[in-house]
Amino acid sequence: MVFLHQQLPSRKRPASSLGPPPPPPKSSKPKTTTAASNSTPNDAVETPAVDKLVSILAEAGCTLVNPSGPPCLPSDPHKLRRDLHRIFSSSKNAPALRSDFLSGLSSYIQTPRKLRRVLTASTRTESLLRHLLLVPSIQVDIQNMLLEKLPEYFHVDSDQNPSLSLEDDVARLIINHFRWLDFVVDSNALAEKLMQVLSICPLHLKKEIIGSLPEIIGDQDNKTVVQSLEKMLEEDSAVVVAVLDSFSNLNLDNELQEQVITIALSCIRTIDAEHMPYLLRFLLLSATPSNVRRIISQIRAKLKFVGVSSHHASQQSKLKGKSRVDNTEASILDALRSSLRFKNILCQEILKDLNCLEKPQDHKVIDIWLLMLIYMNGESLQRSVEKLFKKKVIEDCIQEAMFDQCIHGHKELVQDYFLSFISLSEYLLACKEQKARHFSIHMYVCLFEEFGDTYSRQEVLGSLVTHVGSSVGFEVSSSLETMRLLVSKYAQQLIPLSSHISGILDYLEGFSLENLHKVYEIFSHLALLARSSADSYGSSFANELFMIVRKQVSHPDLNYKKMGLVGTLKIVSCLGYAANDTYPSPSQKSNCDEALELLKTALDSCKQLPLPLIMFYDELTEMMDNNTLDPIVMEWIGKHVGEFESIFLSDLDGGKLAANESYCGLEGELWMNLDGDISPICLNILPLASSTLQSASSLQVLPANFLLLSAIERLTNQGSLGGIDALLGCPLHLPSSKYFFGSEWQSLTGKQKQIVCASLFYASNWIRELLNAFCTQITGRFEFTSQATKEDIIAKLLKRVRNLIFLESLLNNCIERYSLPLPELHPYADINRSSLLNQPHHMGHTEKKLEHKKTQEDISPSGARRNNKTSKASTTSDTMGKLRQPTLFDVLEKAGVITGQEVPNEDSSGLSTKGRSSESSQKNPCDFNEAAIIEMSAVAKALEAQRSKFRPLLVQCYSVLAISKSEASCCSDAAAELPLHLYLLRDLHNKLEYFNPGKQLWGKCLSGPVGFTRMTLDEFVSRIEPLFPSLKKHLDSAVWLLKEGDETCEEHWNNESTSAGNPDIPNLVLSNYTASTSVFKEVLHCFSAILNLPGLQTDKPALSHLLEAFQPDKIPDVFFAGIQPNLSPGTAEYLYFGAYSFFEGVLDIACSFSFMLASESLFTLESVVTSVQKFVSKLEGNGKSMQYGFVQEAVPILRRKLGTSAEKILRHRWDDDNLDNGWKSKGETVQKILRIYLDNSGSTPDLLDELSCSILPQASFGKGKEEDDCHGFPSLSSGTFGVWYKILHEENLTVLNKLVKEATTLKRPRAGAQHETIEKLLIKLHQCVNVVVSLVNLCKTHDKVTLHAMAVGFGGKFVDSFLKVFDFLQSHFQVHNEQIINLVLELQKATRTIQTLCSEAKGLRQTSITRKIPATKRSMERFLFCVKALLHTAPSGLTFWMGNLKHKNLTGEVVSSQVYADHDNENSADAEPDEAVDEYPAESVAVEEDTETLTE
């Protein structure tokens, strides 16, 4: 049986063409007669009724008794039917004959053999009973007779006996006789009788009858059939396939078709899995534009595709495993796919339906399959599927668990769709969004896990290698991360496939440091496993990797050396791991020996190169922190770092230098001695900075060398640094402090100045590494130090932070006066910016180049002797510079995007040229002798430009924020420690920007510190989470200091600075106000940055801890007004309200200090509201809003409070002292505040109307404050008027665009569209028009060109958007014509002014305006024709007049430009008429400035 037939018109003759059927025959007693001579031996005795039957048939030309086969029919069957009909209807004794005939037939077919004879067709014509069914007068009786015979043959089951033919199956023969009758006399009776029989039929016959119903029953009985089949489905779902087959072949009207679809949809949950494909195919192919949405939504809601089960399938699965279920699910997919391919409307509706879903709980596994089926069906919708899939992944609607359900355990099912899943994974991996790439990684891993065959895994790896070669950073990183995950799980299986990924090594030159780590981690794991295997191929793979790494390490180019160092140490981390020391074969070295050999090779290759050596030490330190190395490897590293003391330290005698020597004419002294006279050593910075080339370059390696030393010390002493604690307090040998003030600095030569700057730079970085190392001793990670030791370390750390601030302040000031690039101490960001870094002694080379450029009086005698060596090195450098490929930094420098300070010149070690220093001296004639004040709390701008070259502070250093000095001091002054906290807060803020997407500057992104960039966001948040209470404490201290003003102890900071060993330099001062203000802003910035970190809203503990830290002492009860039910302390909404209340109080306090502090407080409040919105959306998306009890009123209430706070700042009367250089520099800040005010007000259109029509026209810019403040907004001044004007235009345009979308839904008048809704929309449109008219007309009183340009530009955009509502206006014009006409007339006031502005701009050649004129003119011309079309179709009798316009200026005076235009023969097509004049009667109204007027 064919499942779905194309619906065909019924071939049945209408029942109305025949008369009513004759009455049923009366029962008569049978008469005994003798058979005629035609009787056969088997028919020796026949009843009289049968004899009568035989005679009647004989009279009509049919021989019933035929010994050789079925009854003999005449050659003309139609004549037989006519004769029988005449006998039974028009003869004299027709009723009696009819009764006798039926009785005889009933008696004759009592035996199965005779019944089969009359049911069997002859070779030439159909059976006797088929012809009798076409006799109208007896059709009903024959039908009933045959249907009543059916139960006698129910026992015959053709399904159980497949060899049974149709001729032997009497029941099927009977049913077959009812199909495709030429006519049906009483269709209702037939349908009723058939349904009665159907209710008692066995299943096999029931299916046969149901499938034949469309060929038996007429169209007029479709309703009865549908109702009966619906009832039958409720009783027995096994007939669903036959019922669907019948439904698909019935010629149903729309109402019945919808009923049938409803029936089918109700079966989705109850139907057996094996029947599901038929049901889905029926539903999808029955889809029409009117019901397709209902069908798709019901299928999505009710179909449980994964894990679909049936009792029959479960029974079979015991014998056949999962094959039956897999076949069923494959059939379902095939049914869906074929249906989607057949009807494109289904694909469109599925995409539309999924796109409208917003909550994750509304998405199901079937959605992924539907998208994949559409994706496979053709290229036309593939792009749409990709975009929708990415959107759902980013919104967390399609999650990894859903994909797991699709893939895991369904290998055979997914096999046909494997390449499509790979293609979709490729698209997601190339997306910029991190969530999309993470999901793609999961897809690749799942596919690799599920498909273990070689072909499939080669496809996965080949796709990943393609992404690796894309040269797109995030794409390369994600593909390598995928491979890293695969290698960590399936290294053994990947070794035979390693040839498919070895091509990655061809792309190493363009990889970032992070990607290099991933590449070598992948190959190192494979190499380690290969060495331990007996496979010769695996061993050769490992040897090939070692060979590549050794070549890279030995290469003279720094980029290749960088690759080799990363590869070497990554291999060492695997080979030198304590648990991996195996001996695969006697011919191979042990893993430990191989690791030592690689380490020695790497160290020897970079001993003479500072930057590679720095990188080697940093990578080695990172490896030791994260891996447990073999003791032999650790011993070798320990011996190497043991040389630290002999290189960098010198002994002291009683805490003083043994001899006061001069270094290049510079006197030195000990700085920052924390141990006093008992200090046995000092750090030789000045001697090394001013001595030989090798020693000078070793200072670059000092911080990295010490970091490695501290790591070794911690690992060998259970985390304690007690063995090197003398380094924390030892003094620094630096230039004398006298050179930093008075006339001493001016007397220094260029070389001496650069030595001084280099000494300060190296000292700063030394202290940074001291903080990185010793802050690990107070973080609580190790329980090895006593309380007294810990307190001593804390005190010294606080002093070292003071030392660091002091040194960087001095260094910043020196660089401002003697500009020079600093040496590279952190090469990861800019390691490939100059090939000259390959040279062994580039610091000395720079000095010699400087010497060459100096005047004769400044040249040292040794300079000439060294010139030869320098020139050779320079030649080598130039040659390599020509050969190397230009880097991104080179291109940006040439384009002028970055300055010379940001990109080092050929001497990137950091020392300046004479030309630059002399130029700097000319630009900065003032010097230390003029007592220039150095504010230590200010931002070090000169250093910030080169901050990436400094050694980074690691996360453990922020523990200083949580401690305070415990020893007694002269007063409890918070200002003494505020600069320390400010310094760390600024650094924390920079690191938070690294994690915040969209806020990363490319320069900062490249300068992430080792040990930090490899830290995940979750790890970073967990490390800074203990600092949250300290942030609030420092904010409270800053607020308290701002309240107290200058009443703090001025000597406190100086005393603390002296105790820290800082020299006394008078020029260095600390402003408590500046420090407090900066701490205030940095804490707010850090809070907002932490609150906006990706994923923090889903990390409820961290979010709660952050909000708990910023709770006020008590939240006023009035703050919760309007919220039901009452909030419980500790809940998310309570914490959000508490944090908002706290910062609202901070804003109130800030209003008395500074406009900028109040603004920062407002922006923090905005970040709180934004976080609340994200939090609510996350909870609603996960279906957890009820779990956390987050009230829906929270967001609207907080937004209203935010708008009120913004209004408070705008209306506050600020003193000149609080404005910091007046309003002119506050434009961007005022813009943000005003936008917050407008976006978070109760009604933005009403507020726009008030500000534009009432407030801005009152703004006058006289000299008196009273005139400026008459409108109630002191922030609206001459310096900010342009900002207000622009923001009001932009917000009004945004409101109009929202109204356009709303009007689109109400374009056609509907019963559901209430009259009040239309009225409200028209009122809002009128408000928007009033706003733009008022703003444009302000140009008549303000003659600034920028204002006129904004009026023309925004006016044109407004008209362009307004054109989109004309369909709405036209559809409602008949009811609201007066309002719509007033709307158009009001807008004309603005367009006239815009025309005048355009005309004046052309005459004055104001290019800032004229470039906007063409687009604006086009919009207004379209507006003209839209108005004309609107009035033309209006039935109210309005007319549209055309007229010429005169040229007027903004004051309304007619100017003579039109005369000259006529004189020059400029027609109206070339010249722009600029103003309309009312030359019509009073009832005429001009609607457009060009040529049109409207008359009623």
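Our structure's up above, just so we're on the same page.
Residues numbered from 1 in each chain as written. Predicted model: local features only at pLDDT ≥ 70, side-chain atom pairs only at ≥ 80, totals over all residues. Heavy atoms only, no water.

A.B. asks: How would you explain the overall build of the chain if you had to name every residue and give the values?
C.D. replies: A count of helices and strands for the chain gives 66 helices and 10 strands. Among the 1496 residues that make up the chain, the fraction classed as buried is 55%. For the chain, the computed accessible surface area is about 64900 Å², with 50% contributed by carbon and sulfur atoms. (Helix = DSSP H or I, 4+ residues; strand = E, 2+ residues; numbered from the N terminus. Buried < 20%, exposed > 50% of the residue type's maximum accessible area, 1.4 Å probe, protein only. Areas by Shrake-Rupley, 256 points an atom, 1.4 Å probe, with all protein chains shown as cover.)

A.B. asks: Go over the packing of aromatic side chains, please, and point to the residues and values.
C.D. replies: Considering all chains together, one arrives at 31 aromatic pairs under this definition. Here phenylalanine 88 and phenylalanine 101 contribute two aromatic rings whose centre-to-centre distance is 4.9 Å and whose plane-to-plane angle is 50 degrees, an arrangement assigned as tilted. A residue pair is termed long-range when its members are at least 10 positions apart, and phenylalanine 88 in helix α2 (residues 77-89) and phenylalanine 101 in helix α3 (residues 94-108) qualify at 13 residues. Taking relative accessible area as the criterion, phenylalanine 101 reaches 0% and is therefore assigned buried. Here the aromatic cluster, defined as three or more aromatic residues joined through ring pairs, consists of Trp369, Phe389, Phe403, Tyr417, Phe421 and Phe439. Geometry around tyrosine 490 places arginine 457 over its ring, the cationic atom sitting 5.7 Å from the centre. (Phe/Tyr/Trp six-rings, centres within 6.5 Å; stacked < 30°, edge-to-face > 60°. Lys NZ or Arg CZ within 6 Å of the ring centre and 35° of its normal.)

A.B. asks: Account for the sheet that holds strand β5 (residues 732-735), with residues named and values stated.
C.D. replies: Whenever strands of a sheet pair, they do so through backbone hydrogen bonds, lying parallel or antiparallel. Reading across the sheet, the 5 strands line up as β1-β4-β5-β3-β2 and stay open at both edges, with mixed pairing between neighbours. The open sheet terminates on both sides in strands that have one partner only, identified here as β1 (649-651) and β2 (662-663). (Pairing = 2+ DSSP bridges.)

A.B. asks: Account for the environment of leucine 198, with residues named and values stated.
C.D. replies: Its place among the elements puts leucine 198 in helix α8 (residues 187-200). Considering only alpha carbons, one finds leucine 198 and leucine 150, 48 residues apart in sequence, at a separation of 10.0 Å.

A.B. asks: Please set out the pairing of strand β3 (residues 666-671) residue by residue, giving values where relevant.
C.D. replies: The sheet contact formed by β2 and β3 spans 2 bridges and is antiparallel. When the bridges of β3 are listed, serine 662 appears paired with glutamate 667. As consecutive antiparallel partners, β2 and β3 are separated by 2 residues, and within that stretch cysteine 664 has a phi angle of approximately 55 degrees, a positive value. Both β3 and β5 contribute to a ladder of 4 bridges, which runs antiparallel. The residue of β5 that forms the bridge with glycine 668 is proline 735.

A.B. asks: How would you explain the pattern of salt bridges if you had to name every residue and give the values?
C.D. replies: Evaluated as defined, the whole model comprises 39 salt bridges. Note that lysine 796 and aspartate 792 form a salt bridge whose closest N and O atoms lie 3.6 Å from each other. In this pair, lysine 796 and aspartate 792 are both assigned in helix α38 (residues 787-817), 4 residues apart and thus about one turn of the helix distant. Overall, the relative accessible area of 40% leaves aspartate 792 in the partly exposed class. The salt bridge partner of lysine 1208 is aspartate 1148, with a shortest N-O separation of 2.3 Å. Here aspartate 1148 lies in helix α51 (residues 1132-1150) and lysine 1208 lies in helix α54 (residues 1194-1211), a separation of 60 residues in the sequence. One connected set of salt bridges, linked through shared partners, spans Glu481, Arg484, Glu514, Lys518 and Glu521. (Salt bridge = Lys/Arg side-chain N within 4 Å of Asp/Glu carboxyl O.)

A.B. asks: Which residues make up the nonpolar core, and what values do they have?
C.D. replies: Phe421, Phe616, Leu727 and Phe1362 are the most contacted members of the largest nonpolar core, which totals 446 residues. With 14 residues, the top contributor of residues to this core is helix α37 (residues 750-774). With residues near it in sequence (within four places) discarded, phenylalanine 421 still touches Ile368, Trp369, Met372, Phe403, Ile407, Val414, Met443 and Leu447. (Core = buried A, V, L, I, M, F, W, Y, C linked by side-chain atoms within 4.5 Å. Contact = heavy atoms within 4.5 Å.)

A.B. asks: Lay out empty space enclosed by the protein with the relevant residues and their values.
C.D. replies: The final tally for this structure, using the stated rule, is 4 cavities of 30 Å³ or more. The space that makes up the largest cavity amounts to roughly 50 Å³. Around the largest cavity, the lining residues are Leu284, Ile296, Ile299, Leu336, Leu340, Ile350 and Leu370. Of all elements in the fold, only α14 (292-302) and α16 (323-342) reach the threshold of two or more residues within the lining of the largest cavity. (1 Å grid on protein atoms, 1.4 Å probe; cavity = no way out; pocket = protein on both sides within 12 Å on 5 of 7 lines; lining within 4 Å. Points joined across faces, edges and corners; volume = space filled by probe spheres on them.)

A.B. asks: Could you give an account of the packing of helix α61 (residues 1345-1362) against helix α63 (residues 1377-1404), naming the residues involved and the relevant values?
C.D. replies: α63 packs onto α61 with a crossing angle of 140 degrees between their chain directions and a minimal axis gap of 10 Å. Taken as a pair, α61 and α63 cross one another with a handedness that is left-handed. Side by side, α61 and α63 meet where His1348, Ala1351, Val1352, Gly1355, Phe1358, Val1359 and Phe1362 of the first sit next to Leu1383, Leu1387, Thr1391, Ile1394, Leu1397 and Cys1398 of the second. Per-class residue counts for the contact of α61 with α63 are 10 nonpolar, 3 polar and no charged. (Axes fitted to C-alpha atoms, helices over the stretch in contact; angles between N-to-C directions. Left-handed = near helix turned anticlockwise from the far one by under 90°. Nonpolar A, V, L, I, M, F, W, Y, C, P; charged D, E, K, R; others polar.)

A.B. asks: Talk me through the environment of tyrosine 983; I want residue IDs and the actual numbers.
C.D. replies: Tracing the backbone through its elements, the reader meets tyrosine 983 in helix α44 (residues 978-995). Considering only alpha carbons, one finds tyrosine 983 and valine 1079, 96 residues apart in sequence, at a separation of 8.9 Å. With residues up to four places along the chain from it excluded, the contact list for tyrosine 983 reads Arg768, Leu804, Ile805, Glu808, Arg947 and Leu953. Among the polar contacts listed, one links the side chain of tyrosine 983 to the side chain of glutamate 808, at a separation of 2.7 Å. (Polar contact = N/O pair within 3.5 Å; in protein donor to acceptor, adjacent residues only side chain to side chain.)

A.B. asks: So what about the packing of helix α7 (residues 170-177) against helix α9 (residues 203-216)? Which residues, and what values?
C.D. replies: Running from amino to carboxyl end, α7 crosses α9 at an angle of 15 degrees, the nearest separation of the two axes being 10 Å. The angle between the axes of α7 and α9 places the two elements in the roughly parallel class. Judged by the twist between their axes, the crossing of α7 over α9 is right-handed. Each of Ala171, Arg172 and Ile175 in α7 lies in contact with α9, whose residues at this interface are Leu205, Glu208, Ile209, Ser212 and Ile216. Tallied by class, residues from the contact of α7 with α9 come to 5 nonpolar, 1 polar and 2 charged. (Parallel < 35°, antiparallel > 145°, perpendicular 65-115°, else oblique.)

A.B. asks: Give me the lowdown on the pairing of β5, citing residues and values where you can.
C.D. replies: Judged from the 2 bridges that link them, strand β4 (residues 681-684) and β5 form a sheet pairing that is parallel. The residue bridging asparagine 684 from the neighbouring strand is histidine 733, located in β5.

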